[in-house]
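# Structure assessment
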Amino acid sequence: MTGTGRDHTFQEIRPVQSLHAPAFEFTEVTGHGDFAEHDRRLEELAREAAAAVASETALILAPVAGFGEMSLDLGSDDEDLLEDARANAAAQEYNLALELLDEYLGAHPEHQEGRYLRAYCLYHLGGQGQLEALRILRPLLDEPPADDGLRDRIRDLRRELRRRLTPPEVTAYTQSVRTDPRGALARVEAFWELAPEEGTLSYLLALGQARGGDLERALDTAERGAAQADVDGEQVAAFARRLRLALLTPHAAPAVSAFKTGDLDRARRELARMDPRWRRSIVVDDFDAYLALLLGRTDTRAAPPAPRLPADRTEDLYSLIADTDGQRAAELMRAGRAEQAERLLAHVLALVPRFPWINFLYAACLYRLLRDPDRAAACAEIALRDPTLTQARELLETIRSWQEASLVNPVVDEYVAAMESVRGGVSVERLGALRQRLVALERVLPSLSSAVRSETGAQIVRELGQAIGQRLVEVADAIVVGGLYEKYDRLMSSVKGGISDARDADRLGHALDGITAEIKSARKAARKGAGDQLDELAALVVSRRSEVEKVKAGIQVSALVRRFNELAEQQSESLARLRADPYTVRSRLSGILEDARRLRRDAKRTLDSRDQTLLDELISTISRTLR
């Protein structure tokens, strides 16, 4: 900011910026009763499948040359076929080994080692034979192994076949499910039957079935997948929990409704009346125990206690109670009806205060409404406890930026308003008011600095402090400059009617000399901007002082001419000339001449051309007269 001109107009060189919170777009839908994440999970699974194909290395399978007989003695002829098949497989003569194995298995179709060897050869030949190899090995999962070594080799070969074949199947599903959902589900289900250890397949199949509305079939798929999977089993088990809750929710709705209205006894009665198929559920038992806990409270006005359950069962209980409301609130938010969503969530949150998902929704809702940033931050922190809420971290960071903005921006706005109050010119009084506002802002900065957390917020507070400090220095200079300007203006206003005599000119000149001395003193301590203004004022005062001297000289010339004219008029009268003493007249003329010459000498630089000519003529006339 610099002061320019006698109006002390302040212009910001580097304005202080407000703190802008990053935008947050709510997209999270993770309630147990909603399966709208289907498309998002398809994209994730497609990326994971592509990465698996690109990054994994082939499993080094155990050689087959050292195999011994792993079943009953089948006779020398059949044994020779198997031995030859082993030898050819070990020599990588896979086609010849397959011919021998086809003949051998024709006589002994259930022989485990023979089937394994056939799958082993098909695996090495590649192409569609690998899918056939997986199909050959599938029944061996359910048969007791004839030998531990063979069991390990079967497991290793199946794992390698699954590694190779599963990613392309996932990719094929994700590419065709939108155009042919039934065909895509049928294909992935058929492959899952061959590779039930792949939890991703059962999850994908159950998710597609749920999206199609067949929740009970999806639950069967997910539960079976969770029991059989040795890869991604936790994901399938978690989805099975969601499905069970989704199916259970409508049956438990009367009890949940009674709980929400505060009628805990009726809620327990409604649970007891449930269909036994659904009543026999861990989450229903937990709900009943929680209702009993609440009924045993002595202080019903306090916040409800947390259920005495493990974290996963607590989440299921909260989901049973609040998922439907959470889904409704999410729909309201997406429809732009955040006020309604806030009222709904506030009521539900009072019942399940530690449920991460409802806390996430409420935090997002408060942010959308720009209301109560501290409460929003507290809710977002609770939401972080659920790792499946992928937007929780982003939301918390956004809210913290919003918190800082709600602290920083009012101070920045007050600074901007204070500076705007002197935009376009000010008085010393307004400058004093500006200084008071800036000093008040400066006192707020230490507490504001300790409250901000982000580097951006801290930087803005530092810049604001620097700006305020600089402005205070400049305002102090401007007050000095303004005071001198106002003093000069008052002085010049006092002579708007003109200067009547030399004494008035002397008084004005002395006053201007006093202002000049004050400017000189202030100039020593002034900064560059104020110094320039003081220089402008000093030049103005010097100019006025010169004009005063010219006016004074003009007044003095006029007075001398008037004295001469008066004397001349007196001598023009006949009687007066007779009575006049020639010596007195001469003496008076000599006095006028002496004053004129002194003025001509002392005021040589201040006389304008007209007065100088007039004075010269007066001196010449008197000089001729006195000869």
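Residues numbered from 1 in each chain as written. Predicted model: local features only at pLDDT ≥ 70, side-chain atom pairs only at ≥ 80, totals over all residues. Heavy atoms only, no water.

### Side note on the overall build of the chain
Applicable threshold: Every helix listed is a DSSP run of H or I at least four residues long, and every strand listed is a run of E at least two residues long, numbered separately from the N terminus. When accessible area is computed with a 1.4 Å probe and restricted to protein chains, residues below 20% of their type maximum are described as buried, those above 50% as exposed, and intermediate ones as partly exposed. Note on contacts: a residue pair qualifies if any of its non-hydrogen atoms lie within 4.5 Å across the two residues. Per-residue and other accessible areas follow the Shrake-Rupley method at a 1.4 Å probe size, with only the shown protein chains counted as cover for residues.
In terms of regular secondary structure, the chain is built from 25 helices and two strands. In the chain, which comprises 627 residues, the proportion classed as buried is 45%. Excluding contacts between residues fewer than 6 apart, the proportion of contacts in the chain whose partners are at least 24 apart in sequence is 68%. Per element, the accessible surface of the chain, about 32100 Å² overall, is 51% carbon and sulfur.

### A look at the pattern of salt bridges
Keep this limit in mind: Put simply, a salt bridge is a Lys or Arg side-chain nitrogen that is within 4 Å of an Asp or Glu carboxyl oxygen.
All chains considered together, the criterion is met by 37 salt bridges. Between Asp288 and Arg268 there is a salt bridge, and its shortest N-O distance comes to 2.9 Å. Taken together, the positions of Asp288 in helix 13 (residues 282-295) and Arg268 in helix 11 (residues 264-272) put the pair 20 residues apart, joining distant regions of the chain. Note that Arg328 and Glu331 form a salt bridge whose closest N and O atoms lie 3.8 Å from each other. Of the two residues, Arg328 and Glu331 both sit in helix 14 (residues 311-334), three residues apart, roughly one turn of that helix. A relative accessible area of 37% means that Arg328 is categorised as partly exposed. Here the salt bridges do not stand alone but share partners, grouping Arg158, Arg162, Glu197, Glu198 and Asp230 into one network.

### Brief notes about the environment of Ala502
Structurally, Ala502 is set in helix 21 (residues 502-525). Measuring from C-alpha to C-alpha, the distance between Ala502 and Gly554 comes to 9.3 Å, with 52 residues separating the pair along the chain. Residues contacting Ala502, with those up to four places away along its chain left out, are Lys552 and Ile555.

### Considering the confidence of the model for the chain
Condition: Every residue gets a pLDDT, meaning the predictor's confidence in that residue, from 0 to 100.
In the predicted model, the chain carries a mean pLDDT of 81, and the fraction of residues at 70 or more is 85%. Scored below 50 in pLDDT, residues 1-15 makes 47 contacts in the model with residues more than four places away or belonging to other chains. For residues 53-59, every residue scores under 50 in pLDDT, and the model assigns this stretch 10 contacts once sequence neighbours within four places are set aside.

### Here's the deal with the environment of Leu105
One can find Leu105 in helix 3 (residues 94-107). Filtering out sequence-adjacent residues up to four positions away, Leu105 remains in contact with His111, Gly114, Arg115 and Arg118.

### Describing the nonpolar core
Applied cut-off: Buried residues of nine kinds, namely Ala, Val, Leu, Ile, Met, Phe, Trp, Tyr and Cys, make up a nonpolar core once their side-chain atoms join them within 4.5 Å.
One finds Phe259, Phe287, Ile358 and Ile399 to be the most contacted residues of the largest nonpolar core, which totals 69 residues. Filtering out sequence-adjacent residues up to four positions away, Phe259 remains in contact with Leu264, Ala267, Phe287, Tyr290, Leu291, Leu294, Ile321 and Leu351. Formed by 41 residues, the second largest nonpolar core is a distinct cluster that contains Leu82, Leu134, Val170 and Trp192.

### Some remarks on the packing of helix 14 against helix 16 (residues 356-369)
Helix-helix packing is described using two parameters, namely the angle between the two axes and the distance between the axes. For clarity, the threshold we go by: The axes used here are C-alpha line fits, helices contributing only the stretch in contact, and every angle between their N-to-C directions lies in the interval 0 to 180 degrees. Convention used here: angles under 35 degrees read as roughly parallel, angles over 145 as roughly antiparallel, angles from 65 to 115 as roughly perpendicular, and any remaining angle as oblique. Each crossing gets its hand from how the near helix is turned against the far one by less than a right angle, where anticlockwise is left-handed and clockwise is right-handed. Residues are grouped as follows: nonpolar covers Ala, Val, Leu, Ile, Met, Phe, Trp, Tyr, Cys and Pro; charged covers Asp, Glu, Lys and Arg; every other residue, Gly included, is treated as polar.
Taken N-terminus to C-terminus, the directions of helix 14 and helix 16 make an angle of 25 degrees; their axes are 10 Å apart at the nearest point. When the axes of helix 14 and helix 16 are compared, the pair comes out roughly parallel. Between helix 14 and helix 16 the crossing geometry is left-handed. Facing helix 14, whose interface residues are Ala322, Asp323, Gly326, Gln327, Ala330 and Met333, helix 16 presents Trp357, Ile358, Leu361, Ala364, Cys365 and Arg368. Looking at the contact of helix 14 with helix 16 residue by residue, the classes come out as eight nonpolar, two polar and two charged.

### Quick word on helix 25 (residues 609-625)
Rules: Here the expected length of a helix is defined as 1.5 Å per residue gap, with one fewer gap than residues. It is the directions from the helix axis to the C-beta atoms that the arc portrays.
A rise of 1.5 Å per residue sets the reference length of helix 25, with its 17 residues, at 24 Å; its end C-alpha atoms lie 24 Å apart and thus fit the reference within 8%. All buried positions along helix 25 are accounted for by Asp611, Leu615, Leu618, Ile619, Ile622 and Ser623. All buried residues of helix 25 fall inside an arc of 125 degrees around its axis, so they share one side. Turned more than 90 degrees away from the buried face of helix 25, the exposed residues are Ser609 and Arg610.

### Some words on the environment of Tyr362
On the secondary structure map, Tyr362 appears in helix 16. The class of Tyr362 is buried, set by a relative accessible area of 5%. Residues Tyr362 and Ala341, 21 residues apart in the sequence, show an inter-C-alpha distance of 8.3 Å. Residues contacting Tyr362, with those up to four places away along its chain left out, are Glu342, Leu345, Ala346, Leu349, Arg375 and Cys379.

### Quick look at the packing of aromatic side chains
Worth spelling out the cut-off: Stacked, tilted and edge-to-face are the three classes applied to pairs of Phe, Tyr and Trp rings, where Trp contributes its six-membered ring and a pair requires centres within 6.5 Å; stacked means planes under 30 degrees apart, edge-to-face means over 60, and tilted covers the rest. Criterion for a charge above a ring: Lys NZ or Arg CZ within 6 Å of the ring centre, and within 35 degrees of the ring normal.
Counted under the stated rule, the structure contains six aromatic pairs. Ring geometry for Tyr116 and Tyr120: centres 6.0 Å apart, planes at 40 degrees, overall tilted. Taken together, the residues span about one helical turn, with Tyr116 and Tyr120 both in helix 4 (residues 112-125) at a distance of four residues. Judged by relative accessible area, Tyr120 falls into the buried class, the value being 7%. The interplanar angle of 80 degrees and the centroid separation of 5.6 Å between the aromatic rings of Tyr367 and Trp402 together place this pair among those described as edge-to-face. With Tyr367 in helix 16 and Trp402 in helix 18 (residues 392-420), this residue pair connects regions lying 35 residues apart in the sequence. A residue is classified by how much of its surface remains accessible, and Tyr367, at 13% relative accessible area, is buried. Given the relative accessible area of 9%, Trp402 is considered buried. Its guanidinium or amino end placed over the ring of Trp192, Arg224 lies 4.5 Å from that ring's centre, counting from NZ or CZ.

### Considerations on unusual backbone geometry
In this structure, Leu370 takes a positive phi of about 50 degrees despite not being glycine. Looking at the secondary structure, you find Leu370 in the loop between helix 16 and helix 17 (373-383). Looking at Leu370, the relative accessible area reads 58%, which means it is exposed. Of note in the backbone geometry, Asp372 takes a positive phi value of approximately 50 degrees without being a glycine.

### What to know about the side chain of Glu160
Stated precisely, the cut-off is as follows: Pairs of N or O atoms are called polar contacts if they sit within 3.5 Å, as long as, within protein, a hydrogen donor faces a hydrogen acceptor (for residues adjacent in sequence, only side-chain-to-side-chain pairs).
Turning to its location among the elements, Glu160 is positioned in helix 6 (residues 148-176). A polar contact is formed between the side chain of Glu160 and the side chain of Tyr123, at a distance of 3.4 Å. A distance of 3.1 Å separates polar atoms of two side chains, one belonging to Glu160 and the other to Arg163.

### A few points about the packing of helix 17 against helix 18
Close contact between helix 17 and helix 18 brings their axes to 9 Å; oriented N to C, the two are set at 160 degrees. Accordingly, the angle class assigned to the pair helix 17 and helix 18 is roughly antiparallel. In the packing of helix 17 onto helix 18, the handedness of the crossing is left-handed. Across the interface between the two elements, Pro373, Asp374, Ala376, Ala377, Ala380, Glu381 and Ala383 from helix 17 touch Ala392, Leu396, Ile399, Arg400, Trp402, Gln403 and Ser406 from helix 18. Considered class by class, the residues forming the contact of helix 17 with helix 18 number nine nonpolar, two polar and three charged.

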